[in-house]
Amino acid sequence: MATHSAGEHEHHPKLQHHFYSMGQQLEASILGMWVFLVTEIMFFGGLFMAYIVYRWKFPLAWEESSNQLNVYLGGINTAVLICSSLTMVLAVRAAQVGSRIGQIVNLILTIIFGSAFLVIKYFEYASKFEHHLVPGAHFSYVQHHVVNGVATEMTLPYGSQLFFSLYFIMTGIHAAHMVVGIGLMLVILAMSWKGKFGPKYYGPIEVSGLYWHFVDIVWIFLFPLLYLLGFHFGK
Amino acid sequence: MSATPTERHSYLDAPYGLKAWLLTKDHKRIAMLYLMSITVFFAIGGMFAAGIRLELLTPKGDFLTADLYNKFFTMHGIVMIFFFLIPSIPATLGNFLIPIMCGTKDLAFPRINLLSWYLYVLGGVLAIAALALGGVDTGWTFYTPYSSQASMTNVTLAACGAFVAGFSSILTGFNFIVTIHRMRAPGLTWFRLPLFVWAQYATSLVMILGTPVIAITLVLLIAERSLGLGIFDPRNGGDPVLFQHLFWFYSHPAVYIMILPGMGVMSELVAGVSRKQVFGYGFVAFSSLAIAVIGFLVWGHHLFVSSQSAYAGMVFSIITMLVAVPSAVKTFNWAATMYKGSVTWESPTWWVVGFMGLFTIGGLTGLFLAAMGLDIALHDTYFVVAHFHYIMVGGAIMAFMGGLHFWWPKMTGKMYSEGGAKASAILVFAGFNLTFFPQFILGYLGMPRRYHSYPDEFQVLNVMSSAGASILAIGYLLPAIYFTYSLVKGVAAPANPWGAKGLEWTTSSPPPTFNFDEEVVVNEPAYDYKPSREAHVS
């Protein structure tokens, strides 16, 4: 870096050579993450578009299929994710005020909440496989349920297979984003462990937090759109 | 400029060897890596074009079988669009010039820039694998339900290739946006930026907003093919036309990913060869953004005959015609810039003039196709083929070649053969018109696209077209020869061979690794040619 004229700039060890200052570096990384999240919105946007078109085409199938989902597990998962967002933002705050312990504790909690979400999702998926609700050759429109102790049989309307195709793709891609997020948190945790973040340098933990909140918000949209249609209770 | 002028310290002389190049974070080296890889894909795509034109020499399908012909035009489209045109100007000239034009040392995220090249290569390898395993026959548009249900070819592999290459495009756009927002040199305000940067900014917006939609669309297609999640499967109530909407929501704006950077190159070249400030700077800058925005609202004109309502068709038709307004603003402003400019007929000028002619024809025939009544007659004929080749080859590739000739001395530090360059520009212009103008007539007469045989009466025009294609091929082969020759035996280029304005001409040719020896401060508007022009007039 012979061309770098010394003296005018702060020389934080984390300042990359092509930035003038830590402030510019932080602003660039935060804008970068927001731009990336815009691309993510458009990515999920295609799915939401398909959802809108088919829900408009098959309103009854959407309602009946939504009733096949487990609203309790979905609700618990929503709460779990909101908690993880809280611990995430606390971790960012801890970095900004220079508390290493605060970062570590909150990041570990975030990872635990994120993993709990995936475990619950696993059990939900497993039950869909058992009930032949996975689209494809084994999909069954005829469903057997026990209502008030009486075994009943019902037939899902035409279009239900589309609902479950979208259900699996939307929640599947969301879950893939959760896996990436947890991986990211492990990296950030390792950096926090080594005490890399402080009031002067917290870009990576802040932008990872933005990503985490985004994945959380996607679920906040998915939950009502997939789970809360029609009458789940007392039907 | 340098403290030790005898010692060269360009980015090309920095530590070299395979490892230094493959792990480089220097935007200029990544631009050169891209340049080499897109040249390979241009050659591959060109060979398919040659196959198509050979087949169409005769009315009977006697060179390629119908199935093989389907694969030829599909692979021509996939390779040329996803692996040549979309990365062409942004990833090479854009990558090289944007940090320099912004007066900074590198793009905001150098490692992500390198990642984008690797993703591009990975996508390319997948596409070539699809090719080696027998090709794809769906057309580059991958329309369902043929692609999802019927085609027995390597659709999944090719779609994966396009998906991965899409991310390389997203990362390029993302890097440009952050760089242009956050990395400009002190004093370099938005309205002092070169128009190339404005055009790249508009392109990057299309890249980050459009490309994710094709990504998810391809995911849905792959999921339908491999997992049986039948989103577009009519048997489950799925709608194949939804695929077309999602596909064109990206793929129409993708046309602007190809042409907008070309327009940016044109603005630089027109100012550079006329030694004059671009006429109506603000209008040209904002017309780029207008094209990017309006470009997102016109995809339905690809679905005029796909069960779209007449009302929707009307709306899309009107908005499509609106795109002509900002495009015309640009064309007229370039012409006004050249008017009474000190135009010299150096090699970039020839490409500039060629671009303006071909792009105008391409743009005007676009208006024919935007008119719904006419489009129903011309849809899926050679008129459409000719129209988009005038935009993509006559527009985007002419601009790319012009830009390459303009900045080659800066990129490599070598001068190329002026005579060769002029010959190439003339051959490309003549060959291009001979190839594609007859196709307008063929389309008007009703010859449909994507067939390997045709009625005898179309043969004369088809032979003209194939003959033009061979001239075009020579026109494109020439630069490969004299550019390569210039690397070995070329005369060393001065810092500013064209006497042009712009930050890139203030640093040495080729630039040092960090672009400038001193930190840049800008205190003049873009294209500040006034003093030299006054000098010229007096």
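Bear in mind the structure is a predicted one, so any value in this text is a computation, not a measurement.

Trainee: How would you sum up the packing of helix H3 (residues 66-101) of chain B against helix H13 (residues 382-412) of chain B? Please name residues and give values.
Mentor: All names here are of chain B. One can describe the packing of H3 onto H13 by two numbers: an axis separation of 11 Å at closest approach and a directional angle of 25 degrees. As far as their axial angle goes, H13 and H3 are roughly parallel. Between H3 and H13 lies a crossing whose hand is left-handed. Residue-level contacts link Leu 85, Ser 88, Ile 89, Leu 93, Phe 96 and Leu 97 of H3 to Met 392, Ala 396, Ala 399, Phe 400, Gly 403, Trp 407 and Met 411 of H13. Tallied by class, residues from the contact of H3 with H13 come to eleven nonpolar, two polar and no charged.

Trainee: How would you summarise the interface of chain A and chain B if you had to cite specific residues and measurements?
Mentor: Each side of the interface is counted separately: chain A has 34 residues, and chain B has 35 residues. Where the side of chain A that touches chain B is concerned, the elements lending two or more residues are helix H1 (22-57) and helix H5 (160-193) of chain A. Counting residues per element, the side of chain A that touches chain B draws most heavily on H1 of chain A, which supplies 18 residues. Taken together, the residues that form the side of chain A that touches chain B break down as 19 nonpolar, 13 polar and two charged.

Trainee: Before we move on, could you go through the confidence of the model for chain A and cite the residues and values that matter?
Mentor: Any segment with low pLDDT has predicted coordinates that should not be analysed in fine detail. On average, residues of chain A score 91 in pLDDT, and 94% of them are at 70 or above. Counted against residues more than four places away or in other chains, residues 1-9 of chain A, with its pLDDT under 50, gives seven contacts.

Trainee: So what about helix H9 (residues 281-295) of chain B? Which residues, and what values?
Mentor: Residue and element names in this part refer to chain B. Helix length check: H9, at 15 residues, gives a terminal C-alpha distance of 21 Å against a target of 21 Å (1.5 Å per residue), a fit within 8%. Of all the positions in H9, only Tyr 281, Val 284, Ala 285, Ser 287, Ser 288, Ile 291, Ala 292 and Gly 295 are classed as buried. Each element contacted by the buried residues of H9 is listed here: helix H7 (195-226), helix H8 (240-274) and helix H10 (310-338).

What counts and what doesn't
- Residues numbered from 1 in each chain as written.
- Chains lettered and ligands numbered in written order.
- Predicted model: local features only at pLDDT ≥ 70, side-chain atom pairs only at ≥ 80, totals over all residues.
- Axes fitted to C-alpha atoms, helices over the stretch in contact; angles between N-to-C directions.
- Helix = DSSP H or I, 4+ residues; strand = E, 2+ residues; numbered from the N terminus.
- Parallel < 35°, antiparallel > 145°, perpendicular 65-115°, else oblique.
- Left-handed = near helix turned anticlockwise from the far one by under 90°.
- Contact = placed C-beta atoms within 7 Å.
- Nonpolar A, V, L, I, M, F, W, Y, C, P; charged D, E, K, R; others polar.
- pLDDT = per-residue confidence, 0-100.
- Expected span 1.5 Å × (residues − 1).
- Buried ≥ 20, exposed ≤ 12 C-beta atoms within 10 Å, placed from the backbone.

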